[in-house]
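Survey of secondary and tertiary structure
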Amino acid sequence: MSKNQNTTDYNHRIPTDIQPSGPKEVFFKWNTGESFRVPYFEIRFECPCASCVDEHTGKRVLKRESISPEIRATGMQVIGRYAIQISWTDGHATGMYHFDRLYELCRNHGTSA
Ligand SMILES: [Zn+2]
């Protein structure tokens, strides 16, 4: 599998701005021109890492009730050109959120900002 970095992929969505927006939400602006405010809780719940989702079945093992309603991100680090790693107030930091997944999260759980 090779990925040609010179090819312009017009479907590739890239966040151009990410900012905390109050105690419970984060603001995302995308290269599509859209922007959203998304609850931290929903992003934490959708964590794609191997301890939150069973690798073999693809089923989510993380339960909503085990996440604090006060959950917040403590850090976000861009990984390459495709993902963001998020650290959380519950100490969890292994989730790498592909940009496409984050965009889906914005569409599904965000409010237009
Ligand atoms: Zn996780």
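Our structure is the block above this text.
Our subject in this report is the structure included herewith. Just so it is clear, the model here is predicted, and its values are computed rather than measured. (Residues numbered from 1 in each chain as written. Predicted model: local features only at pLDDT ≥ 70, side-chain atom pairs only at ≥ 80, totals over all residues.)

1. Observations concerning the pairing of strand 5 (residues 83-88)
Going residue by residue along strand 5, you find Ile84, Ile86 and Trp88 tucked away on one face and Ala83, Gln85 and Ser87 left uncovered on the opposite face. Here strand 4 (residues 73-79) pairs with strand 5 via six bridges, running antiparallel. Across the sheet, residue valine 78 finds its bridge partner in strand 5, namely isoleucine 84. Linkage of strand 4 to strand 5, two consecutive antiparallel strands, is achieved through a turn of three residues, within which glycine 80 is found at a positive phi near 55°. Bridging between strand 5 and strand 6 (residues 96-98) involves three bridges; their strand directions are antiparallel. Counterpart to isoleucine 84 in the pairing with strand 6 is tyrosine 97. (Buried ≥ 20, exposed ≤ 12 C-beta atoms within 10 Å, placed from the backbone. Helix = DSSP H or I, 4+ residues; strand = E, 2+ residues; numbered from the N terminus. Pairing = 2+ DSSP bridges.)

2. As for the sheet that holds strand 7 (residues 111-112)
The four strands lie next to each other as 1-2-3-7, forming an open sheet whose pairing is antiparallel. Each edge of the open sheet carries a strand with a single partner, namely strand 1 (15-21) and strand 7. Here strand 2 (residues 25-30) runs beside strand 3 (residues 35-39); their pairing, made up of five bridges, is antiparallel. Each bridged residue has a counterpart across the sheet, and for phenylalanine 28 the counterpart in strand 3 is phenylalanine 36. Of the strands in this sheet, strand 1, strand 2 and strand 3 touch helix 2 (residues 99-109), which is tilted by about 80° from strand 3. (Contact = placed C-beta atoms within 7 Å. Axes fitted to C-alpha atoms, helices over the stretch in contact; angles between N-to-C directions.)

3. Here's the deal with the nonpolar core
For soluble globular proteins, the rule of thumb is that nonpolar side chains tend to be buried together. Grouped together as the largest cluster of nonpolar side chains are 13 residues, with contacts concentrated most on Phe28, Val38, Ile86, Leu102 and Cys106. Every element with two or more residues in this core is listed here: strand 2, strand 3, helix 1 (40-45), strand 5 and helix 2. The residues contacting leucine 102, other than those within four sequence positions of it, are Pro15, Phe28, Ile84 and Tyr97. (Core = buried A, V, L, I, M, F, W, Y, C linked by C-beta atoms within 7 Å.)

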